[in-house]
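Observations on the three-dimensional arrangement
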Amino acid sequence: CPSRLLVGAPWDGNGQGDIYKCDVGLRNSSCAKANLGAAAPWLRNSAGHLGMTLVDSKDGGFVACAPLWSQECGTSLFSSGRCVRLNKELQLTGTIAPTAQREWGGMYWGILGCATLVSPCPLPGCSTYMDIILVLDGSNSIYPWEEVQAFLGNILRRFFIGPGQTQVGVLQYGERLVQEWALGQHPTAQRLLEAARNLTRQEGRETRTAMAIRQA
């Protein structure tokens, strides 16, 4: 039988991606498109670039991944990636979510600066459930402090703050570590932003970053 070549097309369909199966060695060779957008509707909701990764599976099929697939959760965007299992005929046999699913959702991972955020959230009408600890450098090496306050306010505005939704705590460090506020201490966005505007710098000649991260 003729050899066949699998080709990932991660930019197909405005970045949604797809897979092609091409005959090799024949004079009139052709390629068949999997059209996975019809089989997996979630592919149409995000430019995940399916086909950027292709891996053989033990059952004779293969796994194709969309590493940039993202899901909006309230006002937050989580880029978790997603994969599909396909048989040798390019038929969808299963979906591999980032972790074990809860209803139609799962654990979605996002990056905020140098912090990794984890949120279990169902896909339809996705809500955010996160506990976030922000660690701020308040030593003498940080100047002007007003820029830190503005940065903190810009971050906090990106989340849906509320009981049962996103809670934010802040630690500040220099020579010593201070808990500015605990998780849930400011249960509304308005109170949280007001606390950020009134946050003063602890100061200190030393910058004990490792100590602060361990405590967080």
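Residues numbered from 1 in each chain as written. Predicted model: local features only at pLDDT ≥ 70, side-chain atom pairs only at ≥ 80, totals over all residues. Heavy atoms only, no water.

We now examine the state of the cysteines. One pass over the full model with this rule turns up two disulfides. Covalent S-S linkage joins Cys 22 and Cys 31, the inter-sulfur distance amounting to 2.0 Å. Between Cys 22 and Cys 31 the sulfur-sulfur dihedral comes to about 110°; the bridge is accordingly right-handed. Of the residues examined, Cys 22 reaches a relative accessible area of 9% and is grouped as buried. You can call Cys 31 partly exposed: its relative accessible area is 48%. Disulfides within the chain link the bonded cysteines, taken in sequence order, as 1-2, 3-4. (Disulfide = S-S within 2.5 Å. Buried < 20%, exposed > 50% of the residue type's maximum accessible area, 1.4 Å probe, protein only.)

This part takes up the nonpolar core. Leu 134, Leu 152, Leu 156, Val 168 and Trp 181 are the most contacted members of the largest nonpolar core, which totals 20 residues. Mapped onto this core, the elements with two or more residues apiece are strand S12 (130-137), helix H3 (145-156), strand S13 (166-173) and helix H4 (189-197). Sequence-distant contacts of Leu 152, that is, excluding residues within four places in its chain, are made with Leu 134, Leu 136, Trp 181, Ala 196 and Leu 199. Ranked by size, the runner-up nonpolar core spans 14 residues in total, among them Ala 34, Ala 40, Trp 42 and Leu 90. (Core = buried A, V, L, I, M, F, W, Y, C linked by side-chain atoms within 4.5 Å. Helix = DSSP H or I, 4+ residues; strand = E, 2+ residues; numbered from the N terminus. Contact = heavy atoms within 4.5 Å.)

Right, let's get into the sheet that holds S12. Spatially, the three strands line up as an open sheet ordered S12-S13-S14, and their pairing is mixed. A single partner strand is all that each edge strand has here, and the edge strands are S12 and strand S14 (177-181). Along the sheet, successive strands turn relative to each other by an average axial angle of 25°, direction set aside. Across eight bridges, the pairing between S12 and S13 is parallel. Across the sheet, the residue bridging to Asp 137 is Tyr 173, located in S13. Strands S12, S13 and S14 of the sheet are contacted by H3, whose axis makes an angle of about 170° with S12. (Pairing = 2+ DSSP bridges. Axes fitted to C-alpha atoms, helices over the stretch in contact; angles between N-to-C directions.)

Per-residue confidence for the chain gives a mean pLDDT of 76, with 81% of residues at or over 70. Contacts of residues 99-126 to residues separated by more than four positions or lying in other chains number 70 contacts, the stretch itself having pLDDT below 50. (pLDDT = per-residue confidence, 0-100.)

This part takes up the packing of H3 against H4. At a closest axis distance of 9 Å, the pairing of H3 and H4 adopts a crossing angle of 165°. Relative to H4, the element H3 lies roughly antiparallel. Two packed elements cross with a definite hand, and for H3 against H4 that hand is right-handed. Contacts from Gln 149, Leu 152, Gly 153 and Leu 156 of H3 reach H4 at Leu 192, Leu 193, Ala 196 and Arg 197. (Parallel < 35°, antiparallel > 145°, perpendicular 65-115°, else oblique. Left-handed = near helix turned anticlockwise from the far one by under 90°.)

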